[in-house]
Amino acid sequence: MPSYLETAMEIARESGALLSKYFERRVSFELKGEYDLVTEADRASERLVVDRLLTYFPAHSIVAEEGGGRQGSSEYCWYVDPLDGTTNFAHGFPVFNVTLALERAGELVAGCIYDPTREEMFAAELGVGAFLNNRRIRVSKVGKLEETLVATGFPSRRRHQNLNVHFYYQMGMLTHGVRRAGSAALDLAYVASGRLDAFWEFGLNPWDMAAGVLLVREAGGQVTDMLGQPASLRGPHILADNGLVHQGMLGLFGEVFSGHARVPLPEVSPAQR
Ligand code: IPD
Ligand code: CA
Ligand code: CA
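Predicted model only: the values in this text are computed from it and were never measured.

Scoring rules and cut-offs
Residues numbered from 1 in each chain as written. Chains lettered and ligands numbered in written order. Predicted model: local features only at pLDDT ≥ 70, side-chain atom pairs only at ≥ 80, totals over all residues. Heavy atoms only, no water. Donors = N, O, S within 2.8 Å, 3.2 Å for Na, K, Ca; no water. Buried < 20%, exposed > 50% of the residue type's maximum accessible area, 1.4 Å probe, protein only. Salt bridge = Lys/Arg side-chain N within 4 Å of Asp/Glu carboxyl O. Helix = DSSP H or I, 4+ residues; strand = E, 2+ residues; numbered from the N terminus. Pairing = 2+ DSSP bridges. Axes fitted to C-alpha atoms, helices over the stretch in contact; angles between N-to-C directions. Patch = residues over 30% accessible without salt bridge, like charges linked within 9 Å, V, L, I, M, F, W, Y side chains within 5 Å. Areas by Shrake-Rupley, 256 points an atom, 1.4 Å probe, with all protein chains shown as cover. Phe/Tyr/Trp six-rings, centres within 6.5 Å; stacked < 30°, edge-to-face > 60°. Expected span 1.5 Å × (residues − 1). Contact = heavy atoms within 4.5 Å. Polar contact = N/O pair within 3.5 Å; in protein donor to acceptor, adjacent residues only side chain to side chain. 1 Å grid on protein atoms, 1.4 Å probe; cavity = no way out; pocket = protein on both sides within 12 Å on 5 of 7 lines; lining within 4 Å. Points joined across faces, edges and corners; volume = space filled by probe spheres on them. Nonpolar A, V, L, I, M, F, W, Y, C, P; charged D, E, K, R; others polar. Near = heavy atom within 4 Å. Sits in = over half its atoms within 2 Å of the grid points. Domains from an automatic or database assignment.

Undergrad: Can you help me understand the coordination of the calcium ion (ligand 3) in this one?
TA: Around a metal, the ideal angle is 109.5 degrees if four donors adopt a tetrahedral arrangement and 90 or 180 degrees if six donors adopt an octahedral arrangement. In this structure, E65 (OE), D81 (OD) and L83 (O) serve as the protein donors to the calcium ion (ligand 3), at separations of 2.1 to 2.3 Å. Summarised as a motif, the one-chain spacing of the donors to the calcium ion (ligand 3) is E-x15-D-x1-L. In this structure, the calcium ion (ligand 3) lies 3.8 Å away from the calcium ion (ligand 2), the two metals sharing D81 as a donor. Taking the relative accessible area as the measure of exposure, L83 reaches 1% and is therefore buried.

Okay, structure coming up:
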(Lines give C-alpha, C1' and ligand atoms only; values in the text may rest on other atoms or scores of the structure.)
(Ligands and ions follow the chains in the order given, each with its own letter.)
Protein backbone atom coordinates (compact mmCIF):
# COMPACT_ATOMS: atom_id res chain seq x y z
CA MET A 1 0.00 0.00 0.00
CA PRO A 2 1.45 3.45 -0.90
CA SER A 3 2.40 5.69 2.02
CA TYR A 4 0.59 8.94 2.78
CA LEU A 5 3.52 10.82 1.26
CA GLU A 6 3.56 8.72 -1.93
CA THR A 7 -0.17 9.35 -2.36
CA ALA A 8 0.29 13.08 -1.74
CA MET A 9 3.07 13.22 -4.35
CA GLU A 10 0.94 11.38 -6.91
CA ILE A 11 -1.91 13.86 -6.35
CA ALA A 12 0.47 16.84 -6.52
CA ARG A 13 1.88 15.61 -9.85
CA GLU A 14 -1.61 15.25 -11.27
CA SER A 15 -2.56 18.72 -10.06
CA GLY A 16 0.73 20.14 -11.37
CA ALA A 17 -0.03 18.79 -14.85
CA LEU A 18 -3.45 20.45 -14.70
CA LEU A 19 -1.92 23.77 -13.57
CA SER A 20 0.60 23.63 -16.44
CA LYS A 21 -2.24 23.31 -18.98
CA TYR A 22 -4.00 26.35 -17.56
CA PHE A 23 -0.68 28.22 -17.44
CA GLU A 24 0.03 27.58 -21.14
CA ARG A 25 -3.27 29.01 -22.25
CA ARG A 26 -3.20 31.90 -19.72
CA VAL A 27 -6.23 32.44 -17.50
CA SER A 28 -7.92 35.60 -16.33
CA PHE A 29 -8.24 36.36 -12.63
CA GLU A 30 -10.89 37.57 -10.22
CA LEU A 31 -10.27 39.44 -6.98
CA LYS A 32 -11.04 37.83 -3.58
CA GLY A 33 -9.83 40.99 -1.83
CA GLU A 34 -8.34 44.28 -2.98
CA TYR A 35 -5.09 42.66 -4.24
CA ASP A 36 -5.92 39.00 -3.58
CA LEU A 37 -6.22 37.12 -6.88
CA VAL A 38 -7.91 33.82 -7.70
CA THR A 39 -8.20 32.02 -11.05
CA GLU A 40 -10.15 29.08 -12.42
CA ALA A 41 -6.89 27.11 -12.14
CA ASP A 42 -6.88 27.55 -8.32
CA ARG A 43 -10.42 26.16 -8.17
CA ALA A 44 -9.89 23.31 -10.64
CA SER A 45 -6.71 22.21 -8.87
CA GLU A 46 -8.44 22.31 -5.49
CA ARG A 47 -11.36 20.21 -6.77
CA LEU A 48 -8.91 17.62 -8.10
CA VAL A 49 -6.81 17.45 -4.92
CA VAL A 50 -9.79 17.32 -2.56
CA ASP A 51 -11.57 14.69 -4.71
CA ARG A 52 -8.52 12.45 -4.65
CA LEU A 53 -7.92 12.90 -0.91
CA LEU A 54 -11.56 12.06 -0.14
CA THR A 55 -11.33 8.95 -2.32
CA TYR A 56 -8.20 7.66 -0.59
CA PHE A 57 -8.85 8.96 2.94
CA PRO A 58 -12.60 9.49 3.46
CA ALA A 59 -12.29 10.02 7.24
CA HIS A 60 -9.53 12.66 7.09
CA SER A 61 -10.16 16.40 7.53
CA ILE A 62 -9.10 18.75 4.76
CA VAL A 63 -8.30 22.45 5.08
CA ALA A 64 -8.05 23.92 1.59
CA GLU A 65 -7.47 27.55 0.62
CA GLU A 66 -10.42 28.00 -1.74
CA GLY A 67 -12.92 26.59 0.76
CA GLY A 68 -13.35 23.10 -0.67
CA GLY A 69 -12.20 21.33 2.50
CA ARG A 70 -14.27 19.50 5.07
CA GLN A 71 -14.26 18.33 8.67
CA GLY A 72 -13.47 14.61 9.00
CA SER A 73 -13.76 12.15 11.85
CA SER A 74 -10.14 11.06 12.30
CA GLU A 75 -7.02 12.61 13.88
CA TYR A 76 -5.56 13.27 10.40
CA CYS A 77 -5.83 16.66 8.72
CA TRP A 78 -4.56 17.71 5.27
CA TYR A 79 -3.58 21.28 4.39
CA VAL A 80 -3.94 22.04 0.69
CA ASP A 81 -2.77 25.04 -1.29
CA PRO A 82 -3.98 24.12 -4.79
CA LEU A 83 -1.95 26.92 -6.39
CA ASP A 84 0.65 28.79 -4.37
CA GLY A 85 1.84 31.80 -6.35
CA THR A 86 -1.46 32.80 -7.95
CA THR A 87 -0.33 36.37 -8.67
CA ASN A 88 2.71 35.03 -10.57
CA PHE A 89 0.51 32.51 -12.37
CA ALA A 90 -2.01 35.12 -13.49
CA HIS A 91 0.80 37.28 -14.91
CA GLY A 92 2.58 34.44 -16.71
CA PHE A 93 5.55 34.57 -14.27
CA PRO A 94 6.57 30.90 -13.98
CA VAL A 95 7.01 30.54 -10.20
CA PHE A 96 4.15 28.60 -8.63
CA ASN A 97 3.43 25.20 -7.12
CA VAL A 98 0.84 22.94 -5.56
CA THR A 99 1.44 21.85 -1.98
CA LEU A 100 -0.14 19.33 0.41
CA ALA A 101 0.77 18.45 3.98
CA LEU A 102 -0.60 16.00 6.53
CA GLU A 103 -0.91 16.53 10.26
CA ARG A 104 -1.62 13.69 12.71
CA ALA A 105 -2.99 14.84 16.08
CA GLY A 106 -1.51 18.28 15.51
CA GLU A 107 1.94 17.09 14.38
CA LEU A 108 3.17 17.49 10.79
CA VAL A 109 4.02 14.03 9.46
CA ALA A 110 4.28 14.38 5.67
CA GLY A 111 4.27 17.07 3.03
CA CYS A 112 5.16 17.84 -0.56
CA ILE A 113 5.59 20.87 -2.80
CA TYR A 114 5.49 20.31 -6.56
CA ASP A 115 6.81 22.86 -9.04
CA PRO A 116 5.56 21.69 -12.47
CA THR A 117 7.61 24.29 -14.38
CA ARG A 118 10.90 22.75 -13.22
CA GLU A 119 9.44 19.30 -12.58
CA GLU A 120 10.74 19.51 -9.02
CA MET A 121 9.06 17.49 -6.28
CA PHE A 122 10.11 18.51 -2.77
CA ALA A 123 8.93 16.01 -0.18
CA ALA A 124 9.42 15.29 3.51
CA GLU A 125 8.31 12.71 6.02
CA LEU A 126 8.66 13.06 9.79
CA GLY A 127 11.82 11.30 10.98
CA VAL A 128 12.73 10.12 7.48
CA GLY A 129 14.18 13.23 5.84
CA ALA A 130 13.65 15.79 3.11
CA PHE A 131 14.04 15.04 -0.59
CA LEU A 132 14.10 16.73 -3.99
CA ASN A 133 13.11 14.33 -6.76
CA ASN A 134 13.91 11.47 -4.38
CA ARG A 135 17.42 12.72 -3.54
CA ARG A 136 18.17 13.77 0.01
CA ILE A 137 18.42 17.53 0.58
CA ARG A 138 19.92 19.51 3.44
CA VAL A 139 20.00 23.16 4.48
CA SER A 140 23.02 25.32 3.62
CA LYS A 141 26.11 25.69 5.79
CA VAL A 142 26.36 29.49 5.57
CA GLY A 143 26.99 30.82 9.06
CA LYS A 144 27.39 34.56 8.51
CA LEU A 145 24.35 36.73 7.97
CA GLU A 146 26.42 38.92 5.61
CA GLU A 147 26.94 35.91 3.33
CA THR A 148 23.34 34.75 3.09
CA LEU A 149 20.83 34.82 0.26
CA VAL A 150 17.39 35.10 1.85
CA ALA A 151 13.74 35.44 0.86
CA THR A 152 10.52 36.93 2.11
CA GLY A 153 7.03 37.76 0.91
CA PHE A 154 4.32 40.32 1.40
CA PRO A 155 0.68 39.44 2.02
CA SER A 156 -2.06 40.26 -0.45
CA ARG A 157 -4.52 40.99 2.37
CA ARG A 158 -4.27 44.15 4.49
CA ARG A 159 -0.84 44.76 3.06
CA HIS A 160 -0.88 48.49 3.90
CA GLN A 161 -0.71 47.41 7.60
CA ASN A 162 2.26 45.10 7.05
CA LEU A 163 5.55 45.94 8.79
CA ASN A 164 7.72 43.79 6.59
CA VAL A 165 9.28 46.61 4.60
CA HIS A 166 11.37 47.48 7.70
CA PHE A 167 12.71 43.92 7.94
CA TYR A 168 13.14 43.75 4.17
CA TYR A 169 15.26 46.91 4.16
CA GLN A 170 17.57 45.76 6.98
CA MET A 171 18.05 42.33 5.42
CA GLY A 172 18.55 43.87 1.97
CA MET A 173 21.38 46.01 3.36
CA LEU A 174 23.04 43.31 5.50
CA THR A 175 22.98 40.18 3.28
CA HIS A 176 23.91 39.17 -0.27
CA GLY A 177 20.31 39.80 -1.21
CA VAL A 178 16.61 39.34 -0.52
CA ARG A 179 14.43 37.51 -3.06
CA ARG A 180 10.66 37.99 -3.27
CA ALA A 181 9.65 35.39 -5.82
CA GLY A 182 5.96 35.19 -4.84
CA SER A 183 5.58 31.62 -3.60
CA ALA A 184 6.02 30.98 0.11
CA ALA A 185 6.01 27.20 -0.27
CA LEU A 186 8.86 27.30 -2.79
CA ASP A 187 10.75 29.79 -0.61
CA LEU A 188 10.63 27.23 2.21
CA ALA A 189 11.53 24.37 -0.14
CA TYR A 190 14.55 26.40 -1.29
CA VAL A 191 15.67 26.91 2.32
CA ALA A 192 15.39 23.13 2.82
CA SER A 193 17.50 22.48 -0.27
CA GLY A 194 20.17 25.08 0.53
CA ARG A 195 19.35 27.39 -2.40
CA LEU A 196 18.35 29.99 0.18
CA ASP A 197 19.70 30.38 3.71
CA ALA A 198 16.60 31.86 5.35
CA PHE A 199 13.00 32.89 4.80
CA TRP A 200 10.59 34.95 6.86
CA GLU A 201 7.07 36.26 6.35
CA PHE A 202 4.13 37.76 8.23
CA GLY A 203 0.54 36.58 7.93
CA LEU A 204 0.90 33.28 6.09
CA ASN A 205 -1.85 30.67 6.27
CA PRO A 206 -1.33 27.03 7.34
CA TRP A 207 -1.65 25.77 3.74
CA ASP A 208 1.17 28.10 2.57
CA MET A 209 3.73 26.75 5.01
CA ALA A 210 2.76 23.32 6.38
CA ALA A 211 4.77 21.22 3.90
CA GLY A 212 7.64 23.73 3.83
CA VAL A 213 8.00 23.80 7.61
CA LEU A 214 8.36 20.01 7.69
CA LEU A 215 10.82 20.13 4.77
CA VAL A 216 13.07 22.67 6.53
CA ARG A 217 13.02 20.72 9.79
CA GLU A 218 13.74 17.39 8.09
CA ALA A 219 16.56 19.04 6.11
CA GLY A 220 18.25 20.04 9.39
CA GLY A 221 17.03 23.64 9.57
CA GLN A 222 15.27 25.60 12.27
CA VAL A 223 11.76 27.07 12.26
CA THR A 224 10.34 29.45 14.89
CA ASP A 225 8.35 32.64 14.77
CA MET A 226 10.26 35.90 14.27
CA LEU A 227 10.64 36.33 18.05
CA GLY A 228 12.14 32.87 18.54
CA GLN A 229 8.98 31.28 19.94
CA PRO A 230 7.88 27.81 18.71
CA ALA A 231 6.53 27.96 15.16
CA SER A 232 2.78 27.66 14.75
CA LEU A 233 0.91 27.20 11.47
CA ARG A 234 -1.56 29.76 12.82
CA GLY A 235 1.03 32.18 14.20
CA PRO A 236 1.46 35.78 13.05
CA HIS A 237 4.90 35.26 11.46
CA ILE A 238 7.51 32.63 10.67
CA LEU A 239 11.31 32.44 10.41
CA ALA A 240 12.86 29.37 8.76
CA ASP A 241 16.58 29.02 8.15
CA ASN A 242 19.61 26.77 8.18
CA GLY A 243 19.91 27.03 11.99
CA LEU A 244 23.35 28.64 11.80
CA VAL A 245 22.01 32.14 11.14
CA HIS A 246 18.94 31.82 13.36
CA GLN A 247 20.27 33.73 16.37
CA GLY A 248 21.72 36.46 14.16
CA MET A 249 18.39 36.95 12.42
CA LEU A 250 16.46 36.93 15.69
CA GLY A 251 18.85 39.58 17.04
CA LEU A 252 18.30 41.81 14.02
CA PHE A 253 14.54 41.22 14.02
CA GLY A 254 14.39 42.03 17.76
CA GLU A 255 15.97 45.40 16.99
CA VAL A 256 13.45 46.12 14.23
CA PHE A 257 10.51 45.08 16.46
CA SER A 258 11.75 47.54 19.08
CA GLY A 259 11.95 50.35 16.52
CA HIS A 260 15.74 50.43 16.12
CA ALA A 261 17.21 50.57 12.60
CA ARG A 262 20.72 49.06 12.47
CA VAL A 263 21.05 50.57 8.98
CA PRO A 264 19.13 53.86 8.90
CA LEU A 265 16.97 54.65 5.90
CA PRO A 266 18.76 57.02 3.51
CA GLU A 267 17.73 60.65 3.43
CA VAL A 268 16.67 61.83 0.00
CA SER A 269 18.65 65.01 -0.69
CA PRO A 270 17.43 67.63 -3.17
CA ALA A 271 20.40 66.79 -5.45
CA GLN A 272 19.14 63.18 -5.85
CA ARG A 273 15.67 64.21 -6.96
C1 IPD B 1 0.83 33.70 -1.54
C2 IPD B 1 2.25 33.39 -1.89
C3 IPD B 1 3.14 34.60 -1.64
C4 IPD B 1 3.04 35.10 -0.23
C5 IPD B 1 1.58 35.40 0.12
C6 IPD B 1 0.72 34.15 -0.10
P7 IPD B 1 -1.17 32.41 -2.85
O8 IPD B 1 0.00 32.55 -1.69
O9 IPD B 1 2.74 32.31 -1.14
O10 IPD B 1 4.51 34.31 -1.86
O11 IPD B 1 3.82 36.26 -0.09
O12 IPD B 1 1.54 35.77 1.48
O13 IPD B 1 -0.63 34.46 0.19
O14 IPD B 1 -2.23 33.39 -2.50
O15 IPD B 1 -0.52 32.68 -4.15
O16 IPD B 1 -1.59 30.99 -2.67
CA1 CA C 1 -0.33 30.27 -0.86
CA1 CA D 1 -3.20 29.56 -3.19
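Undergrad: Would you take a moment to explain the pattern of salt bridges for this structure?
TA: Oppositely charged side chains can pair when the atoms bearing their charge come close. If you walk through the whole model with that rule in mind, you get seven salt bridges. Across the pair E66 and K32 runs a salt bridge whose closest N-O atoms are separated by 3.2 Å. Here the residue E66 occupies a position in the loop between β3 (61–64) and β4 (76–84), and K32 occupies one in the loop between β1 (29–31) and β2 (37–39), the gap between them amounting to 34 residues. The exposure class assigned to E66 is partly exposed, which follows from its relative accessible area of 23%. Residues joined by salt bridges that share partners form a network here, namely K32, E65 and E66.

Undergrad: Looking at this structure, I do not really get the coordination of the calcium ion (ligand 2). What am I missing?
TA: At this site the calcium ion (ligand 2) is bound by D81 (OD), D84 (OD) and D208 (OD), with donor distances of 2.1 to 2.3 Å. Along the chain, the residues donating to the calcium ion (ligand 2) are arranged with the sequence spacing D-x2-D-x123-D.

Undergrad: Just to check I follow, could you spell out the sheet that holds strand β12 (residues 198–202) for this structure?
TA: Backbone hydrogen bonds hold the strands of a sheet together, and the pairing may be parallel or antiparallel. Read across the sheet, five strands follow the order β11-β10-β12-β14-β13 without closing on themselves; strand pairing throughout is mixed. This sheet does not close on itself; its edge strands, each paired only once, are β11 (177–179) and β13 (222–224). Shown here is a sheet whose adjacent strand axes are inclined to one another by a mean of 20°, direction ignored. The pairing of strand β10 (residues 149–152) with β11 spans three bridges and is parallel. Bridged to A151 within β11 is R179.

Undergrad: In this structure, what is going on with a nonpolar patch on the surface? I would like to understand it.
TA: Side chains of L163, L227 and F257 sit close together on the surface and give an oily, nonpolar patch of about 260 Å² of accessible area. Tracing the chain through its elements places L227 in the loop between β13 and β14 (237–241).

Undergrad: Can you walk me through the packing of aromatic side chains in this structure?
TA: In this description, a pair of aromatic rings is defined by centroid distance and the angle of the planes. Within this structure, the stated rule accounts for 14 aromatic pairs. A centroid spacing of 4.8 Å and a plane angle of 80° characterise the contact between F89 and F96, whose relative ring orientation is edge-to-face. The exposure classification of F89 matches that of F96, with both residues buried.

Undergrad: Sorry if this is basic, but what is going on with helix α2 (residues 40–56) here?
TA: Quick reminder: α-helices carry 3.6 residues per turn. Residues three or four places apart thus point the same way. End to end, α2 covers 25 Å across 17 residues, agreeing with the expected 24 Å (1.5 Å per residue, within 8%). Next to the buried residues of α2 lie α1 (4–25), β2, β3, β4, α3 (86–91) and β5 (97–104). Where α2 starts, the residue carrying a side-chain oxygen 3.1 Å from the main-chain nitrogen of A41 turns out to be T39.

Undergrad: Help me understand the layout of surface pockets, please; the structure alone is not making it clear to me.
TA: Empty space among the atoms becomes apparent when a probe as large as a water molecule is rolled across them. In this model, the largest pocket occupies a volume close to 560 Å³. Looking at the largest pocket, it is lined by 32 residues, and the ones nearest its centre are T87, F154, S156, R180 and G182. Looking at the lining of the largest pocket, the elements with two or more residues in it are β4, α3 and α5 (184–192). Grouping the amino acids of the lining of the largest pocket by side-chain chemistry returns nine nonpolar, 10 polar and 13 charged. Size it by volume and the second largest pocket reaches roughly 210 Å³. Along the wall of the second largest pocket there are 13 residues; nearest its centre are H166, F167, Q170, V256 and A261. For the lining of the second largest pocket, the secondary-structure elements that each account for two or more residues are α4 (164–174) and α7 (246–257). If one sorts the elements of the lining of the second largest pocket by residue count, α4 sits on top with five residues. Among the residues forming the lining of the second largest pocket, the class breakdown is nine nonpolar, four polar and no charged.

Undergrad: What am I meant to see in the site of ligand 1 here?
TA: Around ligand 1 sit 17 residues in total, of which D84, G85, T86, G182 and E201 are the nearest. Between ligand 1 and D81, the relevant distance is 3.2 Å, taken from an oxygen atom to a side-chain nitrogen or oxygen of the residue. Within the backbone of F154, an N or O atom sits 3.3 Å from an oxygen atom of ligand 1. Surface burial for ligand 1 is 93%, taken as the share of its 380 Å² of free accessible area covered by protein chains. Structurally, ligand 1 is housed in the largest pocket. Counting residues per element, the shell around ligand 1 draws most heavily on β4, at three residues. Looking at the shell around ligand 1 residue by residue, the classes come out as five nonpolar, five polar and seven charged. Among the domains, domain 1 (4–136) and domain 2 (145–257) are the pair contributing at least three residues each to the shell around ligand 1.

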